[in-house]
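Commentary on secondary and tertiary structure
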Amino acid sequence: MTISKQVHELNESIGDKEIRLIGSAGEQLGIMAPMQALRIAEEQNLDLVKISPQAKPPVCKLMNYGKFRFEQSKREKEARKNQHVVEIKEIRMSPGIDIGDFNTKLRNAQKFIADGNRVKVSVRFRGREMAHTDIGRDLLTRFAEQCVEIANLDRPAKLEGRMMSIFLSPKAGK
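For the structure given in this document, a descriptive report is provided here. Numbering of residues starts from 1 in each chain and follows the order in which that chain's sequence is written. Reporting of local features is limited, given that this is a predicted model, to residues whose pLDDT is at least 70; pairs of side-chain atoms are given and counted only at 80 or more, and all residues count toward the totals for whole chains, interfaces and linings. Excluding hydrogens and water, the side-chain figures rest on all heavy atoms present in the structure.

**Quick notes on the pairing of strand E5 (residues 28-32)**
Along any regular strand the residues' side chains alternate between the sheet's two faces. In this sheet, E5 lies alongside strand E4 (residues 19-22) in antiparallel orientation, the contact comprising four bridges. The residue bridging Arg20 from the neighbouring strand is Ile31, located in E5. Remark: five residues form the turn of the hairpin made by E4 and E5, two consecutive strands paired antiparallel; Gly26 in that turn has positive phi of roughly 95°. Two strands are counted as paired when DSSP detects at least two bridges linking them. Helical segments are the DSSP runs of H or I of at least four residues, strand segments are the runs of E of at least two, and each set is numbered from the N terminus.

**Observations concerning the sheet that holds E4**
Two modes of strand pairing occur in sheets, parallel and antiparallel, and in both the strands are linked by backbone hydrogen bonds. With respect to topology, five strands assemble into an open sheet ordered E3-E6-E7-E4-E5, the strand pairing being mixed. The open sheet is flanked by strand E3 (9-10) and E5, the only strands paired with a single partner. Examined bridge by bridge, E3 and strand E6 (residues 47-52) share two bridges and lie antiparallel to one another. Paired with Glu9 across the strands is Lys50, a residue of E6. By the convention used here, residues are in contact when the closest approach between their heavy atoms is within 4.5 Å. Interaxial angle, 0 to 180 degrees, is taken between N-to-C directions of lines fitted to C-alpha atoms, where a helix line uses only the stretch in contact. Across the sheet, helix H1 (residues 34-43) is in contact with E4, E5, E6 and strand E7 (59-63); its angle to E6 comes to roughly 125°.

**So, the side chain of Asn117**
The topology assignment puts Asn117 in the loop between helix H3 (99-114) and strand E9 (118-124). Note on classification: 1.4 Å probe, protein chains only; a residue is buried when its accessible area is under 20% of the maximum for its type, exposed when over 50%, partly exposed between these limits. Residue Asn117 is classed as buried on the basis of its relative accessible area, which comes to 6%. Contacts of Asn117, omitting those with residues within four sequence positions, involve His84, Val85, Val86, Glu87, Lys89, Phe112 and Pro170.

**Looking at the pairing of E9**
Taken together, the six bridges between strand E8 (residues 88-93) and E9 define a ladder with parallel strand orientation. Across the sheet, Lys89 pairs through a bridge with Val119, a residue of E9. Relative to strand E11 (residues 163-170), E9 is paired through six bridges, and the arrangement is antiparallel. Across the sheet, the residue bridging to Lys120 is Phe167, located in E11.

Here it is as structure tokens:
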């Protein structure tokens, strides 16, 4: 049986010479032969499950294995539900962007950062704009300065082909 990538040996499949047995309430029942432990498990209508195979002697526990598996899967489902996948959102601008459009893109980026996502802010240069990459660098620097309270600058402005970009990530405390 596999539960969360951990294999448990059950009942008759435990082939060790002797095992350390733990009761259903967590009390130590001592070291004994697996057959004797299996008899105790059957009397209490429970399963014998090897929980620590690397120990000397291996540790087995009396439990309702079906219920244990169900609760384990419920915990894993809850953990998956609560985890957040960080995405990289992209904001694209041109060097000739006006203040209104700049502020709109800035608000969108701040919303993405507040949601816990990284943001790639890029400026695309077309034609003769390539001669004025300093305008794009100033634009990206101004953008990063506006986000300094809520974000860290991961990578300074870097020109790659016709695109210049920076990466912003949310600050740890937020």
